[in-house]
Structure formats: structure tokens, C-alpha cells
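Summary of structural features
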Amino acid sequence: MQNKTKYLVTAALPYANNYVHIGHLAGAYLPPDIYVRYRKLKGDDVIFISGSDEHGTAIDMAAIQENVTPQEIIDRYHFSNKKAFEDIGIGFDIFSRTSNKIHHETAQEFFLNLFNKNILIKKTEKQLYSEKEKRFLADRFVTGTCPVCGNTEARGDECEVCGSNLSPLELINPRSRITGDIPVVKEAVHLYFPLGRYQDKISEWILSKKGWKQNVINYVNGWLKSGLRDRAVTRDLEWGVKVPVENNEGKVIYVWFEAPIGYISATKEYFINKNEPARWKDYWMGDNTKLIHFIGKDNIVFHSIIFPAALMAHGEYILPDNVPANEFLNISGSKLSKSKKNGILLKDIVEKFPPDVVRYTIASILPESKDSEFSWKDLQSKNNSELAGILGNFINRTVVFAKTKFGNNIPGRKNDDGILNYIKDQTETISQNYENFKLKDALTETMNVVRAANKYFNDTEPWKLIKDEKEKCGEIINNCLQICYSIAILIYPFLPFTSEKILSILNSDKTNFKWERIGEINLESGNELGENQILFPQIEDKQIEKEMETENGSDSNAENKNDLKKITEDKTGSGLIGLEDFKKVNLRVAKVIECEAVPKSKKLLKLKLQVGDREKQIVSGISEHYKPEEMIGKLIVVVDNLKPSKLMGVDSEGMLLAAKKDGELRLVLIDGEIEPGAEVS
RNA sequence: GCCGGGGUAGCUCAGCUGGUUAGAGCGUCGGAAUCAUAAUCCGUAGGUCGGGGGUUCAAGUCCCUCUCCCGGUACCA
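Residues numbered from 1 in each chain as written. Chains lettered and ligands numbered in written order. Predicted model: local features only at pLDDT ≥ 70, side-chain atom pairs only at ≥ 80, totals over all residues. Heavy atoms only, no water.

1. Some thoughts on the nonpolar core
Operational definition: Residues belong to a common nonpolar core when they are buried Ala, Val, Leu, Ile, Met, Phe, Trp, Tyr or Cys residues joined through side-chain atoms within 4.5 Å. For every residue, the accessible area (1.4 Å probe, protein chains only) is compared with the maximum for its type, and the residue is labelled buried under 20%, exposed over 50%, or partly exposed between those bounds. Numbering of helices and strands starts at the N terminus; helices are DSSP runs of H or I of at least 4 residues and strands are runs of E of at least 2. Two residues qualify as a contact provided that any one of their heavy atoms is within 4.5 Å of a heavy atom in the partner residue.
Counting 157 residues, the largest nonpolar core has Phe193, Phe257, Ile349, Phe374, Leu391 and Phe394 as its most contacted members. The greatest single-element share of this core, amounting to 13 residues, is contributed by helix α17 (residues 470-491). Not counting residues within four places of it along the chain, the set of residues in contact with phenylalanine 257 comprises Phe110, Phe111, Leu114, Phe193, Val233 and Ala310. Residues Leu605, Leu607, Ile622 and Leu665 belong to the second largest nonpolar core, which totals 17 residues.

Here's what the structure looks like:
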């Protein structure tokens, strides 16, 4: 008994700066919930943990922008997300938050442990310092003129206008975002976690892991190959967990380091609530706990490299047993560009559709091995033809039959004809699927059981037997009702709400509600049934069309690809070229009709050009020299037949001519007026 | 450009270390049945496994190459 395996299952900590959407659900919340519900049915000792990640500059900044306190921001998202999770039936044992006192203490203890062992390294770097505020300014707390596009309100880490990645020191005329104070450059000391030193240990540890998903191994190997680098663990910020070491005023522990410790703090909190404040150690420090992190693929690095390295450094904690990361769930129709995150919010979808319908749809397309695609039509068809048609129908036809033909009582039985044993056998393969984190397969097999139930009903034809073999008929219906109970157990991990409803329809309680009772006799003959209800009402076309419309409305990605695909061979001859060669280059006059910066790029501008009666788009690295608006209307010279290419994902169908020397760049322009499209030779 | 992941029936996806006629669900079409939310059950059709080349007795599965999509990274004359 003492040695029974304990399971510590975590779901990624959602950042309390955004609403959780169904992509998150598919990646990091529904899978562990299903898994945990299965373990609980098996009677395993399992705790399911998550909580809001509530620190970091993004939250602080959001607060400033909205002119509220960070507390208000995190409260908004924490409680909203928490409720959405409850509504969809994610049964966390605890959904904590990193702003809790217990977390601050835990994180500080962890930090001090490493600090006292001299594991953390001091490094000096140049940083902006505000004399007035008497502190160093974190990246996002600096505003200035973007060196790329000239935007005067660029942030220290990124220019929101042109999307360039910046460092605060690059900004022209930097100033404090809060007080407007002009900062000075000063040397700042920060503590670093020597991740590089753990390269070998991590590598060895990963290699020793069996049964990890291939996508996770690939990701980790990619990181290991390019070499692990030390990471700063302190940051200049007010909002966060204070660095518990002298001479570090105004510094907090960097969120990447502090947040995952939240799993530990949440466990502590869970046991404090249960009045067993020391029990958490049995899980985090015991030798028979399986720590399992469910996450999306964007989190693999943190959960399979960085956090384990930190745990190794600390030394007293267990390491993850598995990190079953999922790929991404895409929304069909609208290709979600990385810039705008068009997700379907969890809190919205649970208002429109029953939670189990959403759970079922998502569970059946879990991105376990590759990105998968969600569509509203899929949800509709899953509901109508699988949930209603197969599952709902079986329960309903059985119950209606028993009610009308057997006076609302469970008819008697003698012995079964093998169907229950068949179902019991199936649980073995289903169990295997759960154990291997193959939840989609588990769902398929589960539904196959329900299909078999329908087949049983069809094959035995109780509606015929009722006429002159009522007793035999009663036995079949008894079997079907027993199957209903078994189904309630089987589907519980995926459809907990429906599971409850079935129990209530059967007028039964949870005494036999255990995995090993599947395929057993769990209902007593003679008992009265409860009130019947339709488990899955049809979803009408209208309802689906409405969702599809609202979705498409927000998406305006209607760029058709051009068919012009002339390819020119460019052979590099050394020295002189003949007229023939020169003529291969098709130079034309083009008028700039639109121009904007390419998001996230430093130097690229996207230009829409008029060339004769055609339009074409080119991308050019000139934004350090020309602003988008001053480009419009200019008559420039372009190479018209250049092989098209993509720059940062944006199509470019040519190049413009410009002179360049010593960092100076000037465009080749046309003297006077001439029709765009005119040939240049 | 580079790194990683993909491209398998109309749709959504399975196919581990290469091995008999490539699978499932939904959808299609045909039939049976009528207890049931016109739900169920049986059967049918549908794939040159993105294109090309190679290794092998044998490749969706390994190698090369091309192409398209996704993510990361690169920044461009």
C-alpha cells in the first residue's frame, strides 16, 4: 500500500493575460483531464494541478495601458479562465495562481537554494536606468523612436508598428514609459542560471526516457544540438516574485524560472486546504511519483529541458516522468496567421454548445502527432451522427423500451449471452491506449463498444420478442441497461456530464462507478428507472452557419496568388556580359501605390506596385532609409522578371533598384513623369 | 535560405523497428429493420499513400531530389 504509484498530473499554466481558447484546450487541458478521469476510475492516487501564470511584464504593461492594477488584470483572466474550465468540465484538483503567497515563498525558497549553492552566475550587462525612479527599466518599460520605422512610441522589446524586434538600447530618444524620465545607460548585474552546464545531464536523462512521444524528443534534440545557453533568472520589474537576495532591490525572479515552480506551490496549497500541509512532499520528493506534464508544443523546451534542469540543480525534487506534448489545433477556413491569434475562446464556445459536445469533438481530433483541424461542421456532424446517433440513441432506445414495455422497471435476468463479457474484454485495449497517452484511440475504441451495443440491440430484436417471449425480451433489456451503466463508466473520461445524466436516467448511484465494474452486473432487477432525457439534441444547420459566418467576418485573407512565374536563369559569368545577357533583365518603371512595413521584420517594407496595367508586390529591405508613407506615389525602377521568393513569409515578385554605400541607401527614381510599366533599358 | 513537422480515400485522421489484396470514423450509394432524437444494422463504391529517381526479393514505411503547406529562424540586394 505504501508503495502505490502516485500520479502528479499538471496542465500548462495559462498566462493570465488572455482568455483560453480551444487550441489551448486541445493541447494542454482536455488531454490531462481525460487521462486523470481515467486514473481516478481505476482508483489510482492522482492529483491534477494547474493555475494561472500571473507575473511578467506583459501583465504589468497591460495594466498600465488599461490604467488598472496588475491585480485587476490577473483577476479578470484568472477567474474567467477558471470558470471556463469548470464549465467545460476540466476537473482540476486545484487551479491555483502564482500570485499567491505560498507560491512566492516556494519560488523564493527554490531560488535561494540555488543561490546558496553558488549555482547562479553573476553577469553584468548594459541596461537603461531611470535616475528618477531609481531603478533599471525592463524592456517593455522603455519607449522611444523605432530605429527602423520611425515610430515614436516603439517599445523596448518590439515596435508594434513595424513589428521589429528591438533591444531598449537601440531606441532613439528612449524614455521611461511610466514617468517619461530619460534613462541613462548603466551597468546592471543579473543572476543567470547556467543552463549550459546541464547540457550533458539533460541529454543523458532524455536518452534514458522510454515511451516519450517522438515530437517531443525531436524538439529537445534540436535544442540540445544547437547548445544550451545560460539564461537570466532575474529581471527589473516590480510585478513578480521578489529576488530574496540582498542588493537586488527592484528585481524579480524571471517568470520562465518562477512559473513552473507554481506546480509545486499548487500542490502545497492543495494539501494545506486538506489540512495535511506536509503531504505534498510525498508527491514531489517521494520516489514513487510519476510527474506528468501535459502541454502544447510551444512549451516543450520549458518542461523537458529548462524546468528539469532547474529541478536537477535543486536536487530534492523528482523529475518529469513524461511530457506528452501535443501539437496545435487549427481552425479551419481561417488560416490563423501568427500575428493575429484568431482562436475560438473557450468561454464563448461553452455558452453556445453543451460541454460534452465540445469535449467530444476536440477529443476526436486531438493533435497528438500532428497539427489538426477544427471545423464547426465537424462539430455538428460529430454531435448529430455520433453522439446523438450512436450513443444517445442506444441509451434512449433502451430506456424508452424498458419504460413502455416493462412498466419503468428493470426486468429480471438469468444469465447473459456474452455481450457483457465482450465489453469487459474491450476495456483491456482501451486501458492500453490510456496508458500510452493514445487518447484518440481510446475514444475510438470506446465508441466501438457503443456501436457493439447498438448491434446487440438490433440483432436480438427485443421488439419482436416482446410479443410472445416477454421473459427472454426482459433479459435482453436487462443486459442493455447493464450496458448503459458500463457505458456511463466508459465514457466518463471524455463525457463526464453525459455520464452523470445516464446515471440519473438509470436512477443509479456511484457505488459501482469504477473501471473494473465495466461489463459487470451493476443494476438490480426490479429497480425503478429515473426520468429519461434526450442526451444530445440535434444541432441544426442554422446554428452552425451562424458560427461560420462570424468567424469568416473577422478574417480578410483574400489574397490570390498570381500566376506569373517566369523564371530566369542567372548564370554568373565573370566580367563582361553581352547585350543578350543584359536583355534578360526586364527593368520597368513602377509606381508605388501602397506601402507598409512587414510585421516582425527589421528592415523590410512591403510595396504594392503598379506596373502598366498589372499590380505586383515586392518586399524590399529599405525601411531604415525610407518610411512607408513617403514611398507612396514614387516612380521607381524594378526588376520585373526576377524569380519570385518569400521574405518572412511575404511574397516578393521582384526587386527595386537602389544605390548603396557605407550604410547609406538611395532609391533609383525616374526623372519626371512617365507611364508606369515603361521599359527601362 | 537554413532547421523541424507535415502532404495517405469526398472530409477528419491511423499506419511501431520496410513484408500477404493500404486502414478507421464520418459522408456517398444500395439493402434490412421499425424499439429509438428519420436514429440503428448489413453491404457497396472511393486512394498511381504530393511528383520524380534510387536501395531492396519486398517501401506509404529507408536514401536522394523537386514541389506545396505549417512552425521556428534568417532579413534582401
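There is more to say after this.
2. Some points on the protein's contact with RNA strand B
Put simply, the rule is: It suffices for a single heavy atom of a residue to lie within 4 Å of a molecule or strand for the residue to be listed as near it. Pairs of N or O atoms within 3.5 Å make up the polar contacts considered here, provided that, within protein, one atom can donate a hydrogen while the other can accept it, and that residues adjacent in sequence are counted only when both atoms are side-chain atoms.
As a matter of local geometry, RNA strand B sits amid 47 residues, with Ser369, Arg397, Phe457, Lys603 and Leu604 nearest to it. Considering RNA strand B, the proportion of its atoms within 4 Å of the protein that are sugar or phosphate atoms stands at 66%. One nitrogen or oxygen atom from the side chain of serine 381 is found 3.4 Å from a sugar or linking oxygen belonging to RNA strand B. Note that a sugar or linking oxygen of RNA strand B is positioned 2.8 Å from one of the backbone N or O atoms of glycine 389.

3. Comments concerning the sheet that holds strand β5 (residues 135-136)
Spelled out, the test is: At least two bridges found by DSSP between two strands is the condition for calling them paired.
With respect to topology, 4 strands assemble into an open sheet ordered β5-β4-β9-β10, the strand pairing being antiparallel. Strands at the two margins of the open sheet, each flanked by one partner only, are β5 and β10 (231-232). Both strand β9 (residues 184-193) and β10 contribute to a ladder of 2 bridges, which runs antiparallel. Looking at β10, one finds that phenylalanine 193 is bridged to arginine 231.

4. Here's the deal with the side chain of serine 96
For serine 96, the position within the fold is in strand β3 (residues 94-97). A distance of 3.2 Å separates polar atoms of two side chains, one belonging to serine 96 and the other to asparagine 100. In this structure the side chain of serine 96 is engaged in a polar contact, spanning 2.6 Å, whose partner is the side chain of glutamate 269. Among all residues touching serine 96, those that are not within four sequence positions of it are Ser50, Gly51, Ser52, His78, Ala266 and Glu269.

5. So, the pairing of β3
Residue alternation in β3 divides its side chains into two sets, Ile94 and Ser96 and Phe95 and Arg97, and both sets are buried. Sheet analysis places strand β2 (residues 45-52) next to β3, joined by 4 bridges and oriented parallel. Each residue of the ladder has a partner; that of glycine 51, found in β3, is serine 96.

6. Overview of the sheet that holds strand β1 (residues 6-11)
Rules: To define axes, lines are fitted to C-alpha atoms, for helices over the stretch in contact only, and angles between the resulting N-to-C directions are given on a 0 to 180 degree scale.
Taken in spatial order, the 4 strands of this open sheet run β3-β2-β1-β13, and their pairing is parallel. With one partner strand each, in any of the chains shown, β3 and β13 (289-294) form the two edges of the open sheet. Within the sheet, the average angular offset between the axes of one strand and its neighbour, ignoring direction, is 25°.

7. Things to note about a negative patch on the surface
Heads up, the rule is: Candidates for patches are residues over 30% relative accessible area with no salt bridge; among them, like charges are joined within 9 Å and nonpolar side chains (Val, Leu, Ile, Met, Phe, Trp, Tyr) within 5 Å. Per-residue and other accessible areas were derived by the Shrake-Rupley procedure at a 1.4 Å probe size, with only the shown protein chains allowed to occlude residues. When a carboxyl oxygen of Asp or Glu is within 4 Å of a side-chain nitrogen of Lys or Arg, the pair counts as a salt bridge. Positive charges are assigned to Lys and Arg, negative charges to Asp and Glu, while His and the chain termini are left out of the count. Charged side chains are reduced to one point each, which is NZ for Lys, CZ for Arg, CG for Asp and CD for Glu.
Taken together, the side chains of Glu540, Asp541, Glu545 and Glu549 present a region of like negative charge at the surface. Its place among the elements puts glutamate 549 in helix α19 (residues 541-553).

8. Some thoughts on the packing of aromatic side chains
Cut-off, in case you're wondering: Ring geometry is summarised as follows: Phe, Tyr and Trp rings, the Trp one being its six-membered ring, pair when their centres sit within 6.5 Å, and such pairs are stacked at plane angles under 30 degrees, edge-to-face over 60 and tilted between the two. Counted as over-ring charges are cases with an Arg CZ or a Lys NZ within 6 Å of the ring centre that also lie within 35 degrees of the ring normal.
Counted according to the given criterion, the structure contains 31 aromatic pairs. Taking the centre distance of 5.6 Å and the plane angle of 90° together, the rings of tryptophan 256 and phenylalanine 257 count as edge-to-face. By the burial criterion, tryptophan 256 is buried, and phenylalanine 257 matches it. Here the aromatic rings of tyrosine 270 and phenylalanine 271 are separated by 5.0 Å at their centres, their planes lie at 70°, and the arrangement is edge-to-face. Side by side, tyrosine 270 and phenylalanine 271 carry an identical accessibility label, which is buried. The rings of Phe110, Phe111, Phe193, Tyr198, Trp256, Phe257, Trp280, Trp284 and Tyr317 are connected pair by pair, giving a single aromatic cluster. We note arginine 39 situated over the ring of tyrosine 7; from NZ or CZ to the ring centre the distance is 4.1 Å. The ring of tyrosine 192 carries the charged tip of lysine 123 above its face, separated from the ring centre by 4.7 Å.

9. Some words on helix α15 (residues 439-460)
Because an α-helix completes one turn every 3.6 residues, residues spaced three or four positions apart along the sequence face the same direction. Cut-off, in case you're wondering: Here a helix's expected span is defined as the number of its residues, less one, multiplied by 1.5 Å.
Its 22 residues give α15 an end-to-end C-alpha distance of 32 Å, which sits within 8% of 32 Å, the value for a rise of 1.5 Å per residue. Looking one or two places after α15, you find glutamate 461, whose phi comes out positive at around 50°.

10. Describing helix α8 (residues 261-273)
Look at α8: 19 Å from first C-alpha to last across 13 residues, which is about the 18 Å you get at 1.5 Å a residue. Counted residue by residue, α8 has 11 buried out of 13 residues, so it is predominantly covered. When α8 is considered as a whole, its buried residues turn out to be Ile261, Gly262, Tyr263, Ile264, Ser265, Ala266, Thr267, Lys268, Glu269, Tyr270 and Phe271. Just downstream of α8 lies asparagine 275, where phi reads positive at about 65°.

11. Some points on the confidence of the model for chain A
Stated precisely, the cut-off is as follows: Each residue carries a pLDDT value, the predictor's own confidence for that position, ranging from 0 to 100.
Looking at chain A, the pLDDT average stands at 84 and 86% of residues meet or exceed 70. In the model, residues 334-341 has pLDDT below 50 throughout and makes 10 contacts with residues more than four positions away in sequence or in other chains. Low pLDDT, under 50, characterises residues 553-578; the predicted model gives this stretch 18 contacts beyond four residues in sequence or across chains. Interface confidence for the predicted complex, expressed as ipTM, amounts to 0.91; the pTM equals 0.81.

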